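Inside the fold
Read off the chains here:
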Amino acid sequence: MVKNSRKRQKTDKIQHERVPLGAKAALLDDASKDDEERRLENLLFGVPYAAGKSGKEILVVSDEEGDDAQFEGGREFENLLDSDLFFVDDNAGPSKIRHAPQDYLQSDVEDGEKLIVPEVPPESDEDEEIVGGEDISQQPKKLKAPAWTDPDDVNVQVSLASNNRLRKLRDAPSDDTVGGREYERRLRRQFERINPTPDWASNARKKGGRAKRRRSSVSGSESGEDVVPELLASTGRILGTAKSRPILPSTLSIERLRDANQAAPAEGEIKTVAFHPSPHVPVLLTASADRRLRLFHIDGLTNPHAQTLHVPSLPISNAVFHPSGTSILMTGPRPFYYTYDLQSGASHRSPRGLWGTTFSSGRADQGNMEISSFNPTGDILAVAGRRGQVHLVDWRSGAAQVVGGLKANSNIKSLWWSRAGEGELLGLTDDSQVYVWDIGQRKCVKRWQDEGGFGSQILGGDSEGKYLTVGSNTGLLNVYNAESTTDLQQVKPKTLKTIGNMTTSISTLQFNHDSQLLAMASNVKKDQMRIVHFPSMTVFGNWPTSSTPLGHVTSVDFSRESEYLAIGNNRGRVLLYQLRHFTQQ
């Protein structure tokens, strides 16, 4: 009992007297208050404060009554002034801005926004040099009006000498106390010393300034330089041409995505897969054995289905985009073709009698247009006919008229337009002969035998004119220098390498856009596909693996920038893979 009473008495002795909220006695009791608490009182109750000596902040009470005022219950706010009870944020600082931060640079100013020109002091500072070497006094920068300024920043006083971390901000050893605006300016200056403005940001600010000065000048001035027509007339990159990084021949970084045609699967074998030639149009076409052509929007996630075209009269065996990307050509084992205009959505069939008697006589299986190829500009379509005939169709006029013909000694098995020389047309025949035709002269200027001498099936090359490949029915792939195949001084080109990683007939050859990858596949055997690395001309060993569900590969194509790889098989599926090397550039 005695111990409990002593504890109770001791507790009563140390119990503090309760003081009402807002009382001046509590406001003036600075013994237990820190700087943060004083700032909070300034914001809540409007009590101003000023900086004292040695950098310490003290409260200044603007009340005329004494400090020993007595407070009664319910009257604790009686002696406070109206200016202390209410605080009005007028969104304007009491002093002018001496130096505006670089966050308000005129590169972000939009038309119609309020602009201000900051006042510049007469004295110059080496640390305030503007990137680009322009004089501020001669060329004032237009700045955005700040959305909000804190008026309390002017009252802040910071000691630079007392803090070791802030001594680097001093301009002279005698500098000590600076205001809030000056403190902010020196912090920005120190940050720019450590992290200088990158070149791309400096160039963007210069270009933005010149563009705005042109817009503000007289519209009829002939001296102004207008770059907009040049920009709109070009199809190149705005910031320059991006160069592809070389791929290491050891490992292929590849990731499987959702099937490209999962939204609308095909009911039959996939005959052709092809990406749109423009990198800004992520569209993939698939032609299947059910006589339907489907278009998909490839985004790597859902790959939504865009459209389906049904052509009952034509079993589509080959479908390609026009090099301009405006239309689609559909051919098959018939003596006619279909075109589909992507802009108007109209389809057209080739006129009757286009080929004369070439496809109307003889065996029915020879009257087909399965083997055809556009030249790089899309002006001429080469179509392989029967008995070694090659028809040249003028595609520029829109009437699709046959303007010439070429002749080989045996049936044509594959056609390819050279990018290395003057745009010659190359044709592979049944007897493994490669014909080189000059389109301007309409005659064969060179003929050479493929290495091995028999069983050649397919001819293909890259879009940059570096390599030419010939695949055989034994799985061998011969790689040639594309320039040597059309060089009239060299009788027979020499093979750079013969790749023998496949054992069945090669049916598909496809290079990517920068000629670093070659996809070769065979539809005879299951899971017969390899990716060849160039210029080492070696096959990647990490992909495909034994668990890759390729099936019987019927068609392969890379996207325009090689971000995606589409693989069609005989089960009506189009497998979609992402090449990480090109997506990380």
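Before any of the text, the structure's been laid out above.
Here is a short report on the structure shown in this document. Being a predicted model, the structure only gives us computed values, none of them experimental.

Our next topic: the pairing of strand β30 (residues 529-533). Burial runs high along β30: 4 of the 5 residues are buried. Pairing of β30 with strand β31 (residues 538-539) involves 2 bridges; the strand directions are antiparallel. Of the residues in β31, the one forming a bridge with V532 is V539. Hairpin connection between β30 and β31: a loop of 4 residues separates the two successive antiparallel strands, and M537 in this loop has a positive phi of roughly 55°.

Take the nonpolar core next. Grouped together as the largest cluster of nonpolar side chains are 20 residues, with contacts concentrated most on L517, M529, I531, W543, L565 and I567. When residues of this core are traced back to their parent elements, those giving at least two are β29 (517-521), β30, β32 (553-558), β33 (564-569) and β34 (574-579). L293, L295, I316 and F336 belong to the second largest nonpolar core, which has 17 residues in total.

A sheet is described by the order of its strands in space; here 4 strands give the open sequence β7-β34-β33-β32, paired in antiparallel fashion. The open sheet has two edge strands, β7 (254-256) and β32, and neither has a second partner. Sheet twist, expressed as the mean angle between neighbouring strand axes with direction ignored, is 25°. Here 3 bridges tie β7 to β34, and the two strands are oriented antiparallel to one another. Within β34, the position partnered with E255 by the bridge is Q578.

Attention now goes to helix α3 (residues 35-45). Of the residues making up α3, those classed as buried are R38, E41 and N42. Viewed along the axis of α3, the buried residues span an arc of 100°, placing them on a single side of the element. Turned more than 90 degrees away from the buried face of α3, the exposed residues are E36 and L44.

Each neighbour pair has its own omega, and for F534 with P535 the value is 10°, a cis peptide bond. Position of P535 among the secondary structure elements: in the loop between β30 and β31. Residue P544 is bonded to the preceding W543 through a cis peptide linkage, with omega at 0°. Examined against the element boundaries, P544 turns out to sit in the loop between β31 and β32. A positive phi angle is found at R442, which is not glycine, with a value near 60°. Relative to the helices and strands, R442 resides in the loop between β22 (433-438) and β23 (443-449). Residue R442 is classed as partly exposed on the basis of its relative accessible area, which comes to 36%. At D527, a position not held by glycine, the phi torsion is positive, near 60°. Note on placement: D527 falls in the loop between β29 and β30.

Opposite charge on two side chains makes pairing possible when the charged atoms of those side chains draw close. Under the criterion given, the structure shown has 13 salt bridges. Across the pair R580 and E255 runs a salt bridge, and its minimum N-O distance is 3.5 Å. In this pair, R580 sits in helix α9 (residues 580-583) while E255 sits in strand β7, placing the two residues 325 residues apart along the sequence. Residue R580 is classed as partly exposed on the basis of its relative accessible area of 35%. Classification of E255 as partly exposed rests on a relative accessible area of 30%. D290 serves as the salt-bridge partner of R294, at 3.1 Å between the closest nitrogen and oxygen. You can call R294 buried: its relative accessible area is 7%. What you see here is one network of salt bridges that share partners, running through D171, D175, E182, R185, R186 and R189.

Thresholds applied
- Residues numbered from 1 in each chain as written.
- Predicted model: local features only at pLDDT ≥ 70, side-chain atom pairs only at ≥ 80, totals over all residues.
- Heavy atoms only, no water.
- Buried < 20%, exposed > 50% of the residue type's maximum accessible area, 1.4 Å probe, protein only.
- Helix = DSSP H or I, 4+ residues; strand = E, 2+ residues; numbered from the N terminus.
- Pairing = 2+ DSSP bridges.
- Core = buried A, V, L, I, M, F, W, Y, C linked by side-chain atoms within 4.5 Å.
- Axes fitted to C-alpha atoms, helices over the stretch in contact; angles between N-to-C directions.
- Arc of directions from axis to C-beta.
- Salt bridge = Lys/Arg side-chain N within 4 Å of Asp/Glu carboxyl O.

So yeah, pure geometry; function would need other evidence.
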